[in-house]
Each structure stands twice: as structure tokens, then as C-alpha cells.
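# A closer look at the structure
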Amino acid sequence: MAQVQALIAGTAKHFPNAQFTLGKVAYTTASLTQLLQGLVNAINVVVAAHASVTDALRALAQVDAQVWPVIRLYKRYVLSMFGDATQDLADFGMTPPKQRKPKTGEETAAAAAKAKATREARSTKSAKAKLAIKGDVTGVTITPVTSSQAAAAAATSAPSQTASSTSTAPASAPK
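Because the structure is a prediction, the values reported are computed rather than measured.

Basis of the calculations
- Residues numbered from 1 in each chain as written.
- Predicted model: local features only at pLDDT ≥ 70, side-chain atom pairs only at ≥ 80, totals over all residues.
- Heavy atoms only, no water.
- Helix = DSSP H or I, 4+ residues; strand = E, 2+ residues; numbered from the N terminus.
- Expected span 1.5 Å × (residues − 1).
- Buried < 20%, exposed > 50% of the residue type's maximum accessible area, 1.4 Å probe, protein only.
- Arc of directions from axis to C-beta.
- Contact = heavy atoms within 4.5 Å.
- Core = buried A, V, L, I, M, F, W, Y, C linked by side-chain atoms within 4.5 Å.
- Pairing = 2+ DSSP bridges.
- Phe/Tyr/Trp six-rings, centres within 6.5 Å; stacked < 30°, edge-to-face > 60°.
- Salt bridge = Lys/Arg side-chain N within 4 Å of Asp/Glu carboxyl O.
- Bend = angle between axes of the 7 residues up to and from the residue.
- Polar contact = N/O pair within 3.5 Å; in protein donor to acceptor, adjacent residues only side chain to side chain.
- Patch = residues over 30% accessible without salt bridge, like charges linked within 9 Å, V, L, I, M, F, W, Y side chains within 5 Å.
- Areas by Shrake-Rupley, 256 points an atom, 1.4 Å probe, with all protein chains shown as cover.

## Re helix 1 (residues 2-14)
- Compared with an ideal rise of 1.5 Å per residue, which puts 13 residues at 18 Å, helix 1 spans 18 Å between its outermost C-alpha atoms and is within 8% of the ideal.
- All buried positions along helix 1 are accounted for by Val-4, Ile-8 and Thr-11. All buried residues of helix 1 fall inside an arc of 70° around its axis, so they share one side. Residues Ala-2, Gln-3, Lys-13 and His-14 are exposed on helix 1 and point more than 90 degrees away from its buried face.
- On its buried face, helix 1 is in contact with strand 1 (19-22) and helix 2 (29-82).

Right, here's the structure in full:
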């Protein structure tokens with residue numbers, strides 16, 4: 001829109017009484033300015049409509065936030081009142097909820113076997129079994145870092161030192 005307005009201003013300033021042939025169509029300064037101004041007016045209408053729609057959507061969201069919790073509760077109320085009465089629920093635009101199909105003994109046994117196999121495959125343990133597992137650490141070497149150059153040197157030489165080291169004596173760490 002700013003570009004079209006600049007074209008209108010530049011045309012009025014530099015070509016106040018000119019005639020143009022653009023795309024095999026002849027225009028005067030007044031007719032070209034009128035054509036361009038029509039585009040500016042249409043863009044302004046769209047901008048105003050967009051602002052109006054944005055405001056309307058914001059208002060809808062506010063009302064929606066207030067009404068939907070009530071609708072959910074009301075639907076539960078209607079379901080509790082009419083249960084499986086299909087015709088009565090249809091008057092409200094609802095259908096009775098589907099009943100869960102109970103599992104057979106075979107399906108229950110298969111689910112339990114699958115769960116047990118999954119626990120074994122993943123090596124998962126019960127909460128009490130997890131509490132019994134403790135980790136042990138041996139052979140820890142602590143190297144103090146005094147400068148950034150020493151840290152870089154220690155980082156590059158650390159893998160070769162640990163590979164050649166066979167000491168398993170635990171080091172005492174400051175607490």
C-alpha cells in the first residue's frame with residue numbers, strides 16, 4: 001500500500017498533466033491516479049475487515065472458553081438422565097456411548113504373558129528390586145585443574161593415561 005501511495009504522490013508531483021500508454025491502454029494522470037487510489041481503498045477495506053475478524057475471533061475464543069465447560073457438563077447430565085435411550089439422546093444430537101467389550105480369559109492371559117515378556121526383555125524390575133541395586137566405583141583418579149592450558153592438556157592425555165594405568169586403589173575425594 002505504501003508503494004502504491006508513493007506512486008500516486010510521485011505521479012502528481014512529476015507528471016501533473018501527462019498522458020501514458022501502459023500495456024496498450026492510454027491513461028491520463030487523473031485516470032492513473034484514480035486507478036491507483038482504487039487499489040489503496042480496496043487494501044484499506046481488507047485491513048479494516050481483517051481487524052474486524054481478529055476482534056471477532058478474540059471474542060469467540062472468550063465465549064468459547066466460558067461455554068464449553070458447561071456444554072461438557074450438560075452432555076454428561078443428559079447421558080446420565082437418558083442412559084441408552086437412543087431416540088431421546090438423538091433429540092440432543094447425541095448417541096449412547098459404546099459399551100466396552102469385556103476381555104475373555106484368553107485375552108487377559110495373553111496380555112499378562114506379553115507384559116511379563118516385555119519386562120524381561122527390557123530388564124525392568126519392581127521398585128523393591130531397584131532399591132537393592134547399588135553401584136560400586138573403583139579406580140577413580142582425580143586430577144586438579146589449575147589453568148585452562150592445563151585443562152586442555154589433561155583432557156588430551158587423559159585417555160592414554162587411563163588405558164595404561166592398572167591401579168585399582170580407590171582415591172579419596174574431598175567432601
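## Side note on the nonpolar core
- Core analysis: the largest hydrophobic core is formed by seven residues, namely Val-4, Ile-8, Ala-18, Phe-20, Leu-32, Leu-36 and Val-40.
- Taken together, the elements giving at least two residues each to this core come down to helix 1 and helix 2.
- Considering every element that reaches this core, the biggest residue donor is helix 2, with three residues.

## Details of the pairing of strand 1
- Judged from the four bridges that link them, strand 1 and strand 2 (residues 25-28) form a sheet pairing that is antiparallel. Bridge pairing links Phe-20 to Tyr-27 in strand 2.
- Counting the residues in the hairpin turn of strand 1 and strand 2 gives two residues, including Gly-23, whose phi is positive at 60°.

## Details of the packing of aromatic side chains
- Considering all chains together, one arrives at four aromatic pairs under this definition.
- With a centroid separation of 6.4 Å and an interplanar angle of 75°, the aromatic rings of Tyr-74 and Phe-92 are classed as edge-to-face. Placement of the pair is Tyr-74 in helix 2 and Phe-92 in the loop between helix 3 (86-91) and helix 4 (105-122), with a sequence separation of 18 residues.
- According to the relative accessible area criterion, Tyr-74 is partly exposed, its value standing at 46%.
- Seen in terms of ring centroids, Phe-82 and Phe-92 are 5.6 Å apart; in terms of plane orientation they differ by 40°. Their pairing is tilted.

## Quick look at the pattern of salt bridges
- Going through the model one piece at a time under the given rule, you end up with one salt bridge.
- Residue Arg-58 pairs with Asp-55 through a salt bridge whose shortest N-O separation is 3.3 Å. Residue Arg-58 and its partner Asp-55 are both found in helix 2; the two are separated by three residues, about one turn of the helix.

## Here's the deal with helix 2
- The terminal C-alpha atoms of helix 2 lie 74 Å apart, and with 54 residues this matches the ideal 80 Å at 1.5 Å per residue to within 8%.
- Along its length, helix 2 reaches its greatest deviation from straightness, about 30°, at Val-67, and the proline Pro-69 lies no more than four positions downstream.
- Buried within helix 2 are the following residues: Thr-29, Leu-32, Leu-36, Val-40 and Val-78.
- In the segment just after helix 2, Gly-83 is the residue with positive phi, at about 55°.

## Considerations on the side chain of Thr-29
- Take Thr-29: it is sitting in helix 2.
- With a relative accessible area of 7%, Thr-29 lands in the buried category.
- Polar side-chain contacts of Thr-29 include one of 2.6 Å to the backbone oxygen of Phe-15.
- Those residues in contact with Thr-29, other than ones at most four positions away along the chain, are Thr-11, Phe-15, Pro-16, Asn-17, Ala-18 and Phe-20.

## Examining a nonpolar patch on the surface
- On the surface, a cluster of nonpolar side chains totalling about 530 Å² of accessible area is made up of Tyr-74, Tyr-77, Met-81, Phe-82 and Phe-92.
- Counting through the fold element by element, Phe-82 comes out in helix 2.

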